[in-house]
There are 2 protein chains.
Amino acid sequence: MNDSTPPRATRRKAGTHTIHDVAALAGVSSITVSRYFNSPDKVSAAVRERLREIVERIGYVPSQVAGGLASGRGRVVCAVMQNIASATFADLVKGMTDELQASGLQLLLANAQYSQTLEENAIRTFVGWHPRALILTRDDHTPAAEAMLGALDIPVVEAWGFVEDRPFHQVGFPHAETGAQLARHFLEQGATRVRFVLPHVGEDFRAGQRAQGYAGAMQAAGCKVDLATADVEDDFEAGARTIAALAATPAARRPQAIIFANDNMAAGAILHAGDCGLSLPRDCALAGFGDAPISVRLKPALTTLRPARYQIGQMAARTVLRMLSAQPEHEPTPRRELLPCELIVRESSRLSLR
Amino acid sequence: MNDSTPPRATRRKAGTHTIHDVAALAGVSSITVSRYFNSPDKVSAAVRERLREIVERIGYVPSQVAGGLASGRGRVVCAVMQNIASATFADLVKGMTDELQASGLQLLLANAQYSQTLEENAIRTFVGWHPRALILTRDDHTPAAEAMLGALDIPVVEAWGFVEDRPFHQVGFPHAETGAQLARHFLEQGATRVRFVLPHVGEDFRAGQRAQGYAGAMQAAGCKVDLATADVEDDFEAGARTIAALAATPAARRPQAIIFANDNMAAGAILHAGDCGLSLPRDCALAGFGDAPISVRLKPALTTLRPARYQIGQMAARTVLRMLSAQPEHEPTPRRELLPCELIVRESSRLSLR
DNA sequence: TTGTAGGCGTTATCAT
DNA sequence: ATGATAACGCCTACAA
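As the structure is a computational prediction, the values presented were derived from the model and not from experiment.

**Looking at the overall build of chain A**
Alright, step 1. Helix and strand counts for chain A come out as 12 helices and 12 strands.
Alright, step 2. For 354 residues, the compact-globule formula gives about 20 Å, and the C-alpha radius of gyration of chain A, at 27 Å, lies well above that figure.
Alright, step 3. On the principal axes, the C-alpha backbone points of chain A span a range of 100 × 45 × 40 Å.
Alright, step 4. Counting across all 354 residues of chain A, residues that qualify as buried make up 52%.
Alright, step 5. Restricting the contact set of chain A to residue pairs at least 6 apart, pairs at least 24 apart contribute 68%.
Alright, step 6. Roughly 15,900 Å² of accessible area belongs to chain A as shown, and the carbon and sulfur atoms make up 51% of that amount.
Alright, step 7. Computing the positive centroid from 38 side-chain charges and the negative centroid from 37, chain A places the two 3 Å apart.

**With respect to the relation of the copies chain B and chain A**
Alright, step 1. Between the two copies, chain B and chain A, the superposition gives an RMSD of 0.1 Å; the rotation angle is 180° and the shift along the axis is 0.1 Å. The transformation relating the two chain copies, once decomposed into turn and shift, fits a two-fold axis.
Alright, step 2. Looking at chain B, 100% of its interface residues are interface residues in chain A too, so the copies touch through the same face.

**Regarding the sheet that holds strand β6 (residues 194-198) of chain B**
Neighbouring strands of a sheet are bound in pairs by backbone hydrogen bonds; such pairs are parallel or else antiparallel.
Residue and element names in this part refer to chain B.
Alright, step 1. As summarised here, the arrangement of the 4 strands in space is β7-β6-β8-β9, forming an open sheet in which the pairing is parallel. Edge strands, defined here as strands with exactly one partner in the open sheet, are β7 (226-229) and β9 (285-287). Between one strand axis and the next, the sheet turns through 20° on average, direction left out of account.
Alright, step 2. Of the pairings in the sheet, the one linking β6 to β7 comprises 4 bridges and is parallel in character. Paired with L198 across the bridge in β7 is T229.

**So, helix α10 (residues 235-247) of chain B**
Residues and elements named next belong to chain B.
Alright, step 1. Its 13 residues place the ends of α10 19 Å apart at the C-alpha level, agreeing with the 18 Å of an ideal helix rising 1.5 Å per residue.
Alright, step 2. Of the positions making up α10, those classed as buried are D235, F236, A238, G239, A240, T242, I243 and L246.
Alright, step 3. In this structure, the buried side of α10 is in contact with β6, β8 (257-260) and α11 (263-273).
Alright, step 4. Near the N-terminus of α10, the side chain that reaches the backbone nitrogen of F236, with its oxygen 3.0 Å away, is that of D234.

**Overview of the packing of aromatic side chains**
Alright, step 1. One pass over the full model with this rule turns up 14 aromatic pairs over all chains.
Alright, step 2. Note on Y36 of chain A and F37 of chain A: the rings are 5.0 Å apart at their centroids and 75° apart in plane angle, and the pair reads as edge-to-face.
Alright, step 3. On the basis of relative accessible area, F37 of chain A is assigned to the partly exposed category, the value being 31%.
Alright, step 4. Ring centres of F89 of chain B and Y114 of chain B lie 6.3 Å apart, and the angle between their planes is 70°; this geometry places the pair in the edge-to-face category. Here the residue F89 of chain B occupies a position in helix α5 (residues 87-101), and Y114 of chain B occupies one in the loop between β2 (106-111) and α6 (116-127), the gap between them amounting to 25 residues. This pair shows no difference in class: F89 of chain B is buried, exactly as Y114 of chain B is.
Alright, step 5. Three or more aromatic residues joined by ring pairs make a cluster, and in this case those are Y36, F37 and Y60 of chain A.
Alright, step 6. The ring of F205 of chain B carries R138 of chain B above its face, with NZ or CZ at 4.1 Å from the centroid.
Alright, step 7. For the cation-ring pair, R210 of chain B lies above F289 of chain B, with the distance from its terminal atom to the ring centre recorded as 3.6 Å.

**As for the pattern of salt bridges**
Alright, step 1. Here the structure, examined in full by the defined rule, presents 48 salt bridges over all chains.
Alright, step 2. The residue D231 of chain A makes a salt bridge to R241 of chain A at a minimum N-O spacing of 3.7 Å. Placement of D231 of chain A in the loop between β7 (226-229) and α10 (235-247) and of R241 of chain A in helix α10 is noted, with a sequence separation of 10 residues between them.
Alright, step 3. A single network of salt bridges, built from pairs that share partners, joins D231, D234, E237 and R241 of chain A together with R297 of chain B.

**With respect to the confidence of the model for chain A**
Alright, step 1. On average, chain A scores 92 in pLDDT, and the residues at 70 or more come to 93%.
Alright, step 2. A low-confidence stretch, residues 1-8 of chain A (pLDDT under 50), is modelled with 0 contacts involving residues beyond four sequence positions or located in other chains.

**As for the interface of chain B and chain A**
Alright, step 1. Contacts between the two partners involve 50 residues from chain B and, on the opposite side, 51 residues from chain A.
Alright, step 2. Carbon and sulfur atoms supply 65% of the area buried between chain B and chain A, which totals about 4,400 Å² over both sides.
Alright, step 3. Our enumeration of links across chain B and chain A arrives at 6 salt bridges.
Alright, step 4. Inspection of the region where chain B meets chain A yields 9 residue pairs in polar contact (both at pLDDT 80 or more).
Alright, step 5. Every element with two or more residues in the side of chain B that touches chain A is listed here: α4 (64-71), α5, β2, α6, α10 and α11 of chain B.

Rules and cut-offs
- Residues numbered from 1 in each chain as written.
- Chains lettered and ligands numbered in written order.
- Predicted model: local features only at pLDDT ≥ 70, side-chain atom pairs only at ≥ 80, totals over all residues.
- Heavy atoms only, no water.
- Helix = DSSP H or I, 4+ residues; strand = E, 2+ residues; numbered from the N terminus.
- Rg over C-alpha atoms; globule rule 2.2 N^0.38 Å.
- Buried < 20%, exposed > 50% of the residue type's maximum accessible area, 1.4 Å probe, protein only.
- Contact = heavy atoms within 4.5 Å.
- Areas by Shrake-Rupley, 256 points an atom, 1.4 Å probe, with all protein chains shown as cover.
- Lys, Arg positive; Asp, Glu negative; His and termini not counted.
- Charge placed at Lys NZ, Arg CZ, Asp CG, Glu CD.
- Least-squares fit on C-alpha atoms with pLDDT ≥ 70 in both.
- Pairing = 2+ DSSP bridges.
- Axes fitted to C-alpha atoms, helices over the stretch in contact; angles between N-to-C directions.
- Expected span 1.5 Å × (residues − 1).
- Polar contact = N/O pair within 3.5 Å; in protein donor to acceptor, adjacent residues only side chain to side chain.
- Phe/Tyr/Trp six-rings, centres within 6.5 Å; stacked < 30°, edge-to-face > 60°.
- Lys NZ or Arg CZ within 6 Å of the ring centre and 35° of its normal.
- Salt bridge = Lys/Arg side-chain N within 4 Å of Asp/Glu carboxyl O.
- pLDDT = per-residue confidence, 0-100.
- Buried area = accessible area lost by both parts, 1.4 Å probe.

Right, dumping it as structure tokens:
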């Protein structure tokens, strides 16, 4: 009765079936069950049917954890977003999950809130998950992060932006160029005084890149760079204040056009213009960025840039999938997927030069 | 030279350090390294310092996969959203990740697009990850899903809604009640003809719950239930069409107020009203749902309901954390966290009865 | 087509 | 405070 060598207590959690349970019920070995899931064609039809029935009956689901450990290839892709709650990143996430779920990959998500340090932390955490690939949404990382990425030996995609000479895959569009595009849109209409309004500090660094593009285009045209930064967090309020300040400025000294770093600021300006006694675009032409759903509904409808947000997420995931199914030739040339960011010209940017 | 028993090729992936590497470098056993990470106070200060240095130097990160398997307690929480790309769910996700990341838990995300079947698939997938907890965003599941949830033996939180008699934790607010609240807001102002406009079919089923609440309140007041459904996907367009149709209706037969199932539809209506020659709220009072950032900026500013989106995500995560740290008394009474959904009265709902 | 042996990197258990 | 040993549940390598 008294075992001389008390066997170790089993650590097995109750209630969870394992591959062995299924194998025992089917009268086969566990490796056959493994094959049933991973390469069904290597299992005879008879056994397959028996297993199907048993799996269905007892509700067995293979453990991704054990499988990932054993095979060394888990089914996780990790992504670091800059602001999950924003429409931009939410659309990116949707594009990614739609694509990844279809391939049986799971997306592990982290939020870096535009902070390099938080991004580094997220990457470090992700390393412990042994992901199949990593999707980032910026291209300037801390040295420590860059070092980890270099050591990772998995596909790394930098999505949203599109810069040169990076060792990682690029999926997105050049932000500076879009800023220049908007500037030229006004310059070509004959404007000389064009202002660019950045959102409140500490936020989206991409806006800064667009501002640089704007500045470059203005200088190239021999015009003054007029860069302003919002003094409130709320983008709508920032836009409203900008337009109020404009109304208080003598017409001769006003910019002829304002480029807002995002559509929300522009919308705030448009919706508040009436209260300030301004009529847009007569008193000032406007443009935004992002093509928010509301933008086409505004009066005047807002000229803006339409980044292919969902498609960028989708293409980032596709790039991952492509690399995963490619020959394991190490260090292939990074892919460069340029996605459109279309200029949508609407009424708000029609310049009436005085 | 020729080994008689050729050893199996090691499966070890190059480039990745293991706990044994660290242990060897420090001249301790691997379990000590494990303790260094999981209960540092059980390791002497000297060893601790030595390990800190080594870990730092070689950039070792413990494998969550191996650890999860060995301990039976991984660091994953899974969540099934209904529409990741919407502001609502994006805010929920942010609330969750903010809270979970702080506790070293990772959020695995899936998107069900308001589909019960997709939700079931997501849950099945998640079961294979052996998550510590599950966060769902609806309370009506397929029987198969319900069965899996019942067998799971981990905390399950149903967030966003707030219903009775569920076996799972509830974190949210009662949607039907909010619909009734808006109806009463107009009834109390003396309205008798109040319409409720649902978004295009196949979308948000919560809108249906709010519509039911509205219908109940109308009937209780002896008024006719006037339920319409948008005929286009785009919410802004749906709102615009609704207001256009209203303009084409003789004033005497028009509803005195319209409750839109979400703020986007209401915004579409407000922004298009001018084009139809209508003045709001004089010709028709309006209300929405969701308190989108734009709503307060519209002219007239939109009366709406403000659900505590971020807080619901946060509280869902907190509920998970609380259950995980609680005594393992099985089957505790499900927690019920009622979060606010405040009525924000603005100009758009000021009824001018004729 | 099926099976055997052993290892994936970590932690639980028991022992010192 | 530290270590030896055996799981955790699955998959790769090799064999039949």
